Amino acid sequence: MRLQFALVLLLSAGATLSNSSNSSSSLAQLEHSLIDRPECKELQSLCAHLKQTDNVSVLECVSTFSSSQLEAVPDKCQHALWVQQRTMQTEKWVTDQLIPQHCSAQKQQLTSCGNAVSLWSCIHERAMRMEHSSECRAYILRSIATLFPDFDQLGDFLNVCGSQIEQLECGRLNLERRSMSQIETVQCLQETAADALEAKCKIELSTMEQQRKDLEFFEACGEDWRRLCGQVSNCA
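Bear in mind the structure is a predicted one, so any value in this text is a computation, not a measurement.

So, how was this worked out
- Residues numbered from 1 in each chain as written.
- Predicted model: local features only at pLDDT ≥ 70, side-chain atom pairs only at ≥ 80, totals over all residues.
- Heavy atoms only, no water.
- Helix = DSSP H or I, 4+ residues; strand = E, 2+ residues; numbered from the N terminus.
- Contact = heavy atoms within 4.5 Å.
- Expected span 1.5 Å × (residues − 1).
- Buried < 20%, exposed > 50% of the residue type's maximum accessible area, 1.4 Å probe, protein only.
- pLDDT = per-residue confidence, 0-100.
- Disulfide = S-S within 2.5 Å.

Draft legend 1. Structural detail: the environment of Cys47. Among the structural elements, Cys47 can be located in the loop between α3 (42-46) and α4 (55-62). In this structure the C-alpha to C-alpha distance between Cys47 and Val62, which are 15 residues apart in sequence, comes to 7.8 Å. With residues near it in sequence (within four places) discarded, Cys47 still touches Ile35, Cys61 and Phe65.

Draft legend 2. Up close: helix α6 (residues 75-88). For α6, with 14 residues, the first-to-last C-alpha span of 20 Å sits near the 20 Å given by 1.5 Å per residue. Of all 14 residues that make up α6, 10 are buried, and the element is covered over most of its length. Within α6 the residues assigned to the buried category are Cys77, Gln78, His79, Ala80, Leu81, Trp82, Gln84, Gln85, Arg86 and Met88.

Draft legend 3. Summary view of the confidence of the model for the chain. Per-residue pLDDT for the chain has a mean of 84; in total, 82% of the residues score no lower than 70. The element-level mean pLDDT for the chain is lowest in helix α1 (residues 2-31), coming to 39, with helix α10 (residues 135-146) highest at 97. Contacts from residues 1-31, a stretch scored under 50 in pLDDT, to residues over four places away or in other chains number 7 contacts.

Draft legend 4. A look at the state of the cysteines. A complete count under the given rule lists 6 disulfides for this structure. The disulfide bridge from Cys40 ends at Cys77, spanning 2.1 Å between sulfur atoms. An S-S torsion of about 110° defines the bridge between Cys40 and Cys77 as right-handed. One end of the pair, Cys40, is in the loop between α2 (33-36) and α3; the other, Cys77, is in helix α6, and 37 residues separate them in sequence. The side chain of Cys161 participates in a disulfide bridge whose partner is Cys201; the two sulfur atoms lie 2.2 Å from each other. With the S-S dihedral at roughly 120°, the linkage between Cys161 and Cys201 falls on the right-handed side. Taken together, the residues Cys161 in helix α11 (residues 155-168) and Cys201 in helix α13 (residues 199-229) connect sequence positions 40 residues apart.

Structure below.
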């Protein structure tokens with residue numbers, strides 16, 4: 001009887017360890033999915049210095065790439081990176097990943113940001129009130145640094161065109177690190193399926209295209225405009 005009881009205990013302990021190991025393995029696989037994707041195998045060498053390979057760390061690594069390195073990243077990997085950036089902007093990522101893994105003690109103050117006009121602007125504001133030594137504060141600031149730089153202006157574009165971007169795998173990196181992050185993504189949509197896009201998405205693309213032209217104008221002529229016009233408001 002004692003031998004049987006001991007065997008039962010050993011088997012139970014083994015099952016518990018196995019389940020725990022499988023759970024940890026699943027979590028690790030979720031966190032490491034970007035660098036482990038076959039389409040992103042280049043990241044394993046370009047980001048070989050990383051001590052941690054969670055997705056935020058991988059995006060941080062990608063943010064240090066030169067324009068030529070970004071351009072060399074395969075389109076399918078660019079899309080995977082884009083999807084991760086978009087996913088991080090959702091309330092689901094905040095509630096399923098950020099809070100339970102890094103901000104459990106701050107759950108109440110962060111979950112209330114779900115009702116804010118800009119989710120991440122609210123989260124950033126709450127983070128700045130936290131102690132400087134807070135792990136939650138540090139991870140939030142790291143996460144924000146890897147989001148689209150104009151994340152608070154992309155709501156309509158992502159809501160209207162997001163599903164088609166994912167279907168067509170048109171998510172692209174911001175190769176020139178412009179303040180408008182979606183220029184390459186818009187170009188992919190226009191080149192891949194301009195006629196097949198939904199009407200609302202076409203309207204958003206037209207808006208983005210006009211914003212791009214305005215940006216390029218100010219990049220090319222901004223210094224001359226400021227020099228010649230100064231503070232004259234009606235100079236055109």
